[in-house]
Amino acid sequence: MPGNVQAVERAAAVLTVVASASRPLGLADIAAAVDLPKTTVHGLLSTLRSVGWVEQDRPTGAYRVSRALAGIAQSLDVADLRSAATPWMDALAAETGLEVHLVRIQGSAAVVVQHVYRPDNSPQRLRVGEEMPLHATASGKVLLANATPEPVAAAARPERFTRHTLVEGVELEAELDRVRRDGYAMEVGEYYPDVSSVAVPVRDSLGDTAAALAVLGPRQELPSGNGRPDLVTPLVRAAGSVSRTLWISA
Amino acid sequence: MTVPRLVAAIDQGTGSTRCLLFDESAQLVSMAQRQHAQHHPRPGWSEHDATEIWANVRRVVPEALADAGATPADVVALGIANQRESCLVWDRATGQPLSPVITWEDTRASVVVDRIVADGHHDDVLRATGIPPSTYFAASRLRWLLDTVPDLEERCLRGEVAFGTMESWLIWNLAGVHVTDVTNASRTNLMNIEDLDWDPHMLAVFGIPERVLPEIRTTAETYGKCSDVLPGVPITAAMGDQQAALFGQTCFEVGQSKCTFGTGAFLLVNTGVVPQRSQAGLLSTVAYVLPGEKPVFALEGSVAVTGSLVQWCRDSLGLVATAPGIETLAASVDDNGGCYVVPAFSGLYAPRWDPAARGVIVGLTSFVNRGHLARGVLEAAAWQTADVVAAIQGVVDQPLPSLRVDGGMTTNHLLMQTVADVLDLRIERPLYSETVSVGAAYAAGLSAGVWPDLDTLSRLWRRACSWEPAMDHETRERERARWASAVERAQGWMDISDTVRP
């Protein structure tokens, strides 16, 4: 059998990267993802554009798959995400003894896409599909802090659920800066007064945040003070495992 | 840092071989896995390479150990779970396989089964072994090998050959002893279901020389110590994979049940210490036997096509890009839009048993779209399960308290909710869907004294997810009737011969 045509292989690699991205990508991002020089990738993109397979965003110059090929342009399916994440969520629940959520952003809400119960056989209710506020939950704050593009701003002032809920714009912005800097978010009685949570991002192959992974429990069982809580370590490890599973199955 | 005492499980499955390590609190510490090649040399034939599988065991166990930062000295016991009914013969002197592994999916031995049925032995076999003669079980495959491999029968009579299912092959290679466990032996058509030993009349019916067979042992006892892979570690349990899943789900009480949703679905219910007769398409099987205790039996109902229908939608129809994606597509509509899918790809199994049935999609109108079709696919998995549960409830007096589920499809919430709805039963998923390996580890740890008793194991079971029935009675009965009507339309299709011309 003759060897593969290198140019076709490279074009396919470029197209795969552009098609699987959740947003239009710049030349540098694409070149880095396929590990080729920018000049080579630019040539490939120009050809792909001339045959109508990719389009360029006018203001930014970023590339996306053309509408004609929209069928190929699959963003990460929530069911695939859940399938990849569940074994690691089980292990995280077993290790921490806490309830585990996998959460995605949908419009201006955080939506639970997978839920593993607190492993104590107590009566619990499945919360998959439940919408939660972005600004008052650890998962929501991770998603807000890492969102590209910025989610549609809530119409008015964020709702106050408890006396701990952050509702002032300045407070919330500082909190999101902290989340971006530290790589995790905390929730201390901000949505339900007696519930606390710690969350970290789950990243896709481009480093974008595909979801938030969180552990939740009674306030007295989770840390509330300053300093990095011990729970961040198993969370980051589990989130990394989910990411690697996603890359392998992609 | 000290490594805790570990229990190792090897799951020698149809698609891959895995090693999982658990600590004393039954937490998963590490896992390694390798797939092996599937060979289909002719239509209806399905083989694995026993040498490749053994080589995979020799790789995955050290990988799992390395991942856990452990050495064989940290492992207190090894348990084995295996694909059932797949078997081979090997040379006792050299240890070399004399045949491929002929798998449970292989139907080449139908000539043997046809002959035994034609000779009037069907009822004898069912009475003695608790299961009807079938190509599904190992005896017919062994007879086929004796009929076709040159000199094999003579060499068997001279005691030069060993036969075994996969746990026997692995234990032989690990510890140099020729044994099988009673759950695997119960799937051969050769073991007497009452006294749990090889049945002389069955050996005569199938023409099997007893010298070729392994010794039948209980599910959880020390068979030997590993001289290879895990040197010095005792092998303290072995069981067929579905029984291991039942054990891993800690279904130790009569009436407790589990269903594994994979390419097909396997539902087993614990029926206690008296074997039930196989009936209504259900198979009577040994659940487990602990040393010095009465054997525990199970009824097993299987659905041939569940996950494989989703794979067909992905690979043959291009309906979805990935198997999990079927849920997203199905969730794009509120109901099935009147569309029903009966995946009788190779006939219908329990409880209808119609080999002439073939798949149908009915109820199509111009209203029906891809989403409705996807929903019909998921509902087919749920209703087939409901048919098996209905058959079980016809045999087991008490209503099932709940159904414990595992397998890859349990991340599909729409499917699990539909199963809860149509069964009108609470569905529960445990932490770790790896219940086959959990079961092998539990049995091995029980046998080695890591866990004292079944009650302790029961308390290790942890609910990770549950689905409560939410469908009203009227809707359920209406849908049940429509499903039954769709199944009727699938039945008897192959009776229309190819030779009929208009």
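Residues numbered from 1 in each chain as written. Chains lettered and ligands numbered in written order. Predicted model: local features only at pLDDT ≥ 70, side-chain atom pairs only at ≥ 80, totals over all residues. Heavy atoms only, no water.

## Quick look at the overall build of chain A
Point 1. In terms of regular secondary structure, chain A is built from seven helices and eight strands.
Point 2. Dimensions along the principal axes, computed over C-alpha positions, put chain A at roughly 65 × 45 × 30 Å.
Point 3. Going through the 250 residues of chain A one by one, you find that 48% of them count as buried.
Point 4. Looking at chain A alone, contacts between residues at least 24 apart form 56% of all its contacts between residues at least 6 apart.
Point 5. Roughly 12500 Å² of accessible area belongs to chain A as shown, and the carbon and sulfur atoms make up 54% of that amount.
Point 6. If you average the places of the 24 positive and of the 28 negative side-chain charges in chain A, the two averages end up 4 Å apart. (Helix = DSSP H or I, 4+ residues; strand = E, 2+ residues; numbered from the N terminus. Buried < 20%, exposed > 50% of the residue type's maximum accessible area, 1.4 Å probe, protein only. Contact = heavy atoms within 4.5 Å. Areas by Shrake-Rupley, 256 points an atom, 1.4 Å probe, with all protein chains shown as cover. Lys, Arg positive; Asp, Glu negative; His and termini not counted. Charge placed at Lys NZ, Arg CZ, Asp CG, Glu CD.)

## A look at the nonpolar core
All names here are of chain B.
Point 1. Counting 61 residues, the largest nonpolar core has Phe-261, Ile-326, Val-342, Leu-403, Leu-423 and Ile-427 as its most contacted members.
Point 2. The dominant element in this core, judged by the number of residues it contributes, is helix α12 (residues 370–393), at 13 residues.
Point 3. Beyond its immediate chain neighbours, meaning those up to four positions away, Phe-261 contacts Thr-385, Val-405, Asp-406, Gly-407, Gly-408, Met-409, Met-416 and Val-419.
Point 4. Of all hydrophobic cores here, the second largest spans 39 residues; its members include Phe-22, Ala-81, Ala-245 and Phe-247. (Core = buried A, V, L, I, M, F, W, Y, C linked by side-chain atoms within 4.5 Å.)

## Here's the deal with the packing of helix α2 (residues 110–118) of chain B against helix α4 (residues 138–148) of chain B
Residues and elements named next belong to chain B.
Point 1. Two elements in contact, α2 and α4, have axes separated by 8 Å at closest approach and are oriented at 105°. Between α2 and α4, the interaxial angle falls into the category roughly perpendicular. Along the contact surface, α2 presents Val-111, Val-112, Val-113 and Arg-115, while α4 presents Ser-140, Arg-143, Trp-144 and Asp-147.
Point 2. Here the residues of the contact of α2 with α4 sort into four nonpolar, one polar and three charged. (Axes fitted to C-alpha atoms, helices over the stretch in contact; angles between N-to-C directions. Parallel < 35°, antiparallel > 145°, perpendicular 65-115°, else oblique. Nonpolar A, V, L, I, M, F, W, Y, C, P; charged D, E, K, R; others polar.)

## Notes on the environment of Pro-193 of chain A
All names here are of chain A.
Point 1. Mapping Pro-193 onto the fold places it in the loop between β6 (185–188) and β7 (195–203).
Point 2. Taking relative accessible area as the criterion, Pro-193 reaches 51% and is therefore assigned exposed.
Point 3. Along the chain, Pro-193 and His-164 lie 29 residues apart, while their C-alpha atoms are 7.9 Å from each other.
Point 4. Setting aside chain neighbours within four positions, we find Pro-193 in contact with Thr-162 and Arg-219.

## With respect to the domain arrangement of chain A
All names here are of chain A.
Point 1. Once the domains are mapped, chain A shows domain 1 (6–69) and domain 2 (78–249).
Point 2. The gap between the C-alpha centroids of domain 1 and domain 2 is 32 Å.
Point 3. Taken over both partners, the interface formed by domain 1 and domain 2 buries close to 380 Å², and the fraction arising from carbon and sulfur atoms is 52%.
Point 4. Partitioned by chemical class, the residues of the side of domain 1 that touches domain 2 number four nonpolar, one polar and one charged. (Domains from an automatic or database assignment. Buried area = accessible area lost by both parts, 1.4 Å probe.)

## Remarks on the UniProt feature "domain: Carbohydrate kinase FGGY N-terminal" (unreviewed entry) in chain B
Point 1. The feature "domain: Carbohydrate kinase FGGY N-terminal" (unreviewed entry), as given by UniProt, occupies residues 7–248 of chain B in the numbering adopted here.
Point 2. Split by type, residues 7–248 of chain B is 34% helix and 24% strand. Its first and last C-alpha atoms lie 14 Å apart. (UniProt positions renumbered as here; feature names shortened; annotations may be inferred.)

## What to know about the sheet that holds strand β1 (residues 6–12) of chain B
Residues and elements named next belong to chain B.
Point 1. Pairing is mixed in the open sheet, where six strands are placed in the order β3-β2-β1-β5-β12-β11. Taken across any chain shown, the strands that pair with only one partner, and hence form the sheet edges, are β3 (28–35) and β11 (224–225).
Point 2. Bridge count between strand β5 (residues 75–82) and strand β12 (residues 234–240): five bridges; the pairing is parallel. Bridge pairing links Ile-80 to Ala-238 in β12.
Point 3. Contacts from helix α1 (residues 50–68) reach β1, β2 (16–22), β3 and β5, with the element oriented near 150° to β3.
Point 4. Packing against the sheet, helix α9 (residues 241–248) makes contact with β5 and β12, and its axis sits at approximately 105° to β12. (Pairing = 2+ DSSP bridges.)

## What to know about the packing of α1 of chain B against helix α6 (residues 166–175) of chain B
Residues and elements named next belong to chain B.
Point 1. Packing of α1 against α6 leaves a shortest axis separation of 11 Å and a crossing angle of 60°. Relative to α6, the element α1 is oriented oblique. Viewed along their axes, α1 and α6 form a crossing whose handedness is right-handed. For the pair α1 and α6, contact is made by Ala-50, Thr-51, Ile-53, Trp-54 and Val-57 and by Met-166, Trp-169, Leu-170, Asn-173 and Leu-174, respectively. (Left-handed = near helix turned anticlockwise from the far one by under 90°.)

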